[in-house]
2 protein chains.
Amino acid sequence: MEKQPDRAEKYRRSVPSPTLEDVATRAGVSTATVSRCLNNPSKVAKTTRERVLEAVRTLGYAPNFGAQALAAKRTNTFGAIIPTMENAIFARGLQAFQEELQRNGITLLVASSSYTPELEEQQIRGLVARGADALLLIGHARAPQVYEFLDDRQVPYVITWTYEDFQSRISIGFDNRKAMKCLAERVISLGHRNIALITSQRKDNDRASHRCEGIQDAMALHGIDPEGLRIVETPYTISNGADAFASLMESDPRPTAVLCGNDVLAAGALLQARKMNLDVPGDVSITGFDDIEIAQIVTPALTTVHVPHREMGKGAARLLLGMRNGQMPTSSTELEAHVVLRDSLGPAPRM
Amino acid sequence: MEKQPDRAEKYRRSVPSPTLEDVATRAGVSTATVSRCLNNPSKVAKTTRERVLEAVRTLGYAPNFGAQALAAKRTNTFGAIIPTMENAIFARGLQAFQEELQRNGITLLVASSSYTPELEEQQIRGLVARGADALLLIGHARAPQVYEFLDDRQVPYVITWTYEDFQSRISIGFDNRKAMKCLAERVISLGHRNIALITSQRKDNDRASHRCEGIQDAMALHGIDPEGLRIVETPYTISNGADAFASLMESDPRPTAVLCGNDVLAAGALLQARKMNLDVPGDVSITGFDDIEIAQIVTPALTTVHVPHREMGKGAARLLLGMRNGQMPTSSTELEAHVVLRDSLGPAPRM
DNA sequence: GCAAGTAATGTAAGCGCTTGCATTACACGT
DNA sequence: ACGTGTAATGCAAGCGCTTACATTACTTGC
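Residues numbered from 1 in each chain as written. Chains lettered and ligands numbered in written order. Predicted model: local features only at pLDDT ≥ 70, side-chain atom pairs only at ≥ 80, totals over all residues. Heavy atoms only, no water.

Chemist: Explain the overall build of chain A to me, please; I cannot follow it from the model alone.
Modeler: When helices and strands are counted, chain A shows 14 helices and 12 strands. Against the 2.2 N^0.38 benchmark of 20 Å for 351 residues, chain A shows a C-alpha radius of gyration of 26 Å, more extended than a compact globule. When its C-alpha atoms are laid out on the principal axes, chain A stretches across 95 × 40 × 35 Å. Evaluated residue by residue, chain A yields a buried proportion of 53% over its 351 residues. Of all intrachain contacts in chain A linking residues separated by at least 6 positions in sequence, the fraction that spans at least 24 positions is 70%. Approximately 15,600 Å² of chain A is accessible, and the part contributed by carbon and sulfur atoms is 49%. (Helix = DSSP H or I, 4+ residues; strand = E, 2+ residues; numbered from the N terminus. Rg over C-alpha atoms; globule rule 2.2 N^0.38 Å. Buried < 20%, exposed > 50% of the residue type's maximum accessible area, 1.4 Å probe, protein only. Contact = heavy atoms within 4.5 Å. Areas by Shrake-Rupley, 256 points an atom, 1.4 Å probe, with all protein chains shown as cover.)

Set out below in structure tokens:
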């Protein structure tokens, strides 16, 4: 019996992955039928289908990704570009995103941009080049040519970690400004008038800048000059948070409340407060933002803003899945973020 | 002037990505030359090369990933399968891994297995199917058919987060057993005799089981019956750590030292201790493992084992890069993990 | 000035899959 | 028994790239 001798000849170095053709031969059908069996089972007769699937199983066939992408012009791969993998900020949302994708048979590609616009653009182009069918992006702030590129290529994307109604781009997230304003009002209502903010770079980061504006909104609303808000910008690590807090505590007048742009910076501030023998919240109040795990772990537990991590991730996946099938959502969706009162915020100390 | 009218006809829906052929036409050369220009510049005359690169630039050409993968049989993509993205345990190492890959022009695909062997196998096959040139794996414990599969397909892989000399498989990491033994000896030398362990599932997890054995090694060495080690297994979350600690504190005799398989569980234990008004380390000592960020943040700061996250990530990348180019490393590499003494471990209380 | 070697480029055959269209098989009504 | 409609299948043309091999253009030594 002769058996595709040419093919057998070609591969010698290792056990070759079986191809569609191998499956077809074994099942006694054409490659077209096998392909349909896998992608469009309803178009194949039941008995044939069973025969084919049997062959697939015994051969351990798995489609060649490149070939499939090339022929079908889709990869069943979505991409996500997040600012950092170093800390847990985006982890939970990403996990939810990926779970939802997996449930729909699509694979996730993750890239991190290290909060650098140039790198982010490069990553976006890279992911599109490697066939990402859709993209998850964090925040709105990026160069217009990036959006042009995406629109030209008709790559669906959603923006998350923020919600802005007026944007034509679809987003799913919460209103950073409103959420921070809410927290700030709480702070102010406890008598704090000397307020400071430790934040990560606001340039190219709409989340950070909106949070800052939220505080100023609250101040204005309560008759405090928003210009009086002392702001320290520093990259996103615990020790930077600590340093920023230290410098703030040396200023005069000393703030009675130090709001932080995120929990990581707040944790650093808390650490430093302890080192300086300052009682929190007795001597100074500290708040965070994001409500990641560490917020509950630090002492005192951090008053912060809880963010709908998993809802954003899952929701973004749903949106993207829909968009890939041609259902363009008509509007962005706003999720709720809410203040979580724990122990690090208290009344302003009497002078 | 006629210009490939057929091609223009084919695409209408959106701006098509320029193809190799477009570049070739524009530069007045064949596609082969363009391809060589991009992948093997030395084989092309300087003047031609410049002309081609110019065309690439103005057209904004980027290679089609699928086509490239199909034709070249490599994707310049490495995969990593980690047990979880939910907490920071693997984040730092992964970040280092990806930075090193990026520096070498290769893209990282990340999948998480949720500590489930079946899911992990599926993810591995998935990543290979989509053309991963090499794989980063955590720990040795997995079904033999997985290794067979990888070997058959000649997919290079390295195991990390563990080091075992006797294994034929290449690994880069540290000796979990030795590291934990070292910590346990410290604990014992402080007078603790009643020791307990809170660990994640040890089945299918060699890191967890080796750490456990390390404690027992130390006990045996100091004349304590290793069977006396009380062990609670529980999944990997803060609240589980807290619950496990609570149940341990109810047992009789109460342990004076609770070692935890990782910092997350330890953080939970610490939290619970505070809730129960137990002084740490006055009433009970608690230790962690991994030295992730939270270890420094909790109160008291956690005595734990520092793990060479970034070295493992970067080293794994290097190894894999080499293997792809045919340099099979001859042996695994052992990195150092060391005990970090902070505040959560103290002398055993006098009975 | 010519053969011979080398460097630069072109030609074209796939890589493994999807899918529009053509073909075949089959059930049914008449 | 025959045409007709529909369901099932096969055929074959690409998808955009890489690369072995063929071809052409130059050098260079004699």
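Right, picking up where we left off after that structure.
Chemist: Honestly, the side chain of Gln-98 of chain B in this entry has me stumped. Any pointers?
Modeler: Tracing the sequence through the fold places Gln-98 of chain B in helix 6 (residues 91–103). Judged by relative accessible area, Gln-98 of chain B falls into the buried class, the value being 5%. Among the polar contacts made by the side chain of Gln-98 of chain B, one reaches the side chain of Ser-112 of chain A at a distance of 3.5 Å. Sequence-distant contacts of Gln-98 of chain B, that is, excluding residues within four places in its chain, are made with Met-85, Ala-111 and Ser-112 of chain A together with Leu-108 of chain B. (Polar contact = N/O pair within 3.5 Å; in protein donor to acceptor, adjacent residues only side chain to side chain.)

Chemist: Help me understand the relation of the copies chain B and chain A in this model?
Modeler: Between the two copies of this chain, the relationship is a rotation about some axis together with a displacement along it. Aligned on chain A, chain B shows an RMSD of 0.1 Å; the corresponding rotation is 180° and the shift along the axis is 0.1 Å. The transformation just described matches what one would write down for a two-fold rotation axis. If distances are taken from each C-alpha of chain B to the rotation axis, the shortest is found for Gly-66 of chain B, at 2.0 Å. (Least-squares fit on C-alpha atoms with pLDDT ≥ 70 in both.)

Chemist: How should I be thinking about the nonpolar core in this particular structure?
Modeler: Across soluble globular proteins, you tend to see nonpolar side chains buried next to one another. If you look at the biggest cluster of nonpolar residues, it comprises 155 residues, and the most contacted ones within it are Phe-97, Phe-245 and Ile-286 of chain A together with Phe-245 and Ile-286 of chain B. Residues contacting Ile-286 of chain A, with those up to four places away along its chain left out, are Phe-245, Val-258, Cys-260, Ala-266, Ala-269, Leu-270, Ala-273, Val-280, Leu-302, Thr-303, Ser-344 and Leu-345 of chain A. Among the nonpolar cores identified, the runner-up in size contains 32 residues, and Leu-109, Ile-124, Ala-132 and Val-146 of chain B belong to it. (Core = buried A, V, L, I, M, F, W, Y, C linked by side-chain atoms within 4.5 Å.)

Chemist: Would you mind going over the packing of aromatic side chains with me for this structure?
Modeler: Describing an aromatic ring pair means giving the distance of the ring centres and the angle of the ring planes. If you walk through the whole model with that rule in mind, you get 11 aromatic pairs over all chains. With 6.1 Å between their ring centres and 70° between their planes, Trp-161 of chain A and Phe-174 of chain A make a pair best called edge-to-face. Of the two residues, Trp-161 of chain A sits in the loop between strand 4 (157–160) and strand 5 (171–173) while Phe-174 of chain A sits in the loop between strand 5 and helix 9 (176–189), which places them 13 residues apart along the sequence. For the pair Trp-161 of chain A and Phe-174 of chain A, a shared accessibility class is recorded, and that class is buried. With centroids separated by 5.4 Å and ring planes inclined at 40°, the aromatic side chains of Tyr-115 of chain B and Tyr-236 of chain B adopt a geometry described as tilted. With a gap of 121 residues between them, Tyr-115 of chain B in the loop between strand 2 (107–112) and helix 7 (117–129) and Tyr-236 of chain B in the loop between strand 7 (230–233) and helix 11 (238–250) connect regions that are remote in the sequence. Taking relative accessible area as the criterion, Tyr-115 of chain B reaches 32% and is therefore assigned partly exposed. (Phe/Tyr/Trp six-rings, centres within 6.5 Å; stacked < 30°, edge-to-face > 60°.)

Chemist: How should the environment of Asp-217 of chain A be read in this particular structure?
Modeler: Tracing the sequence through the fold places Asp-217 of chain A in helix 10 (residues 206–221). Of the residues examined, Asp-217 of chain A reaches a relative accessible area of 24% and is grouped as partly exposed.

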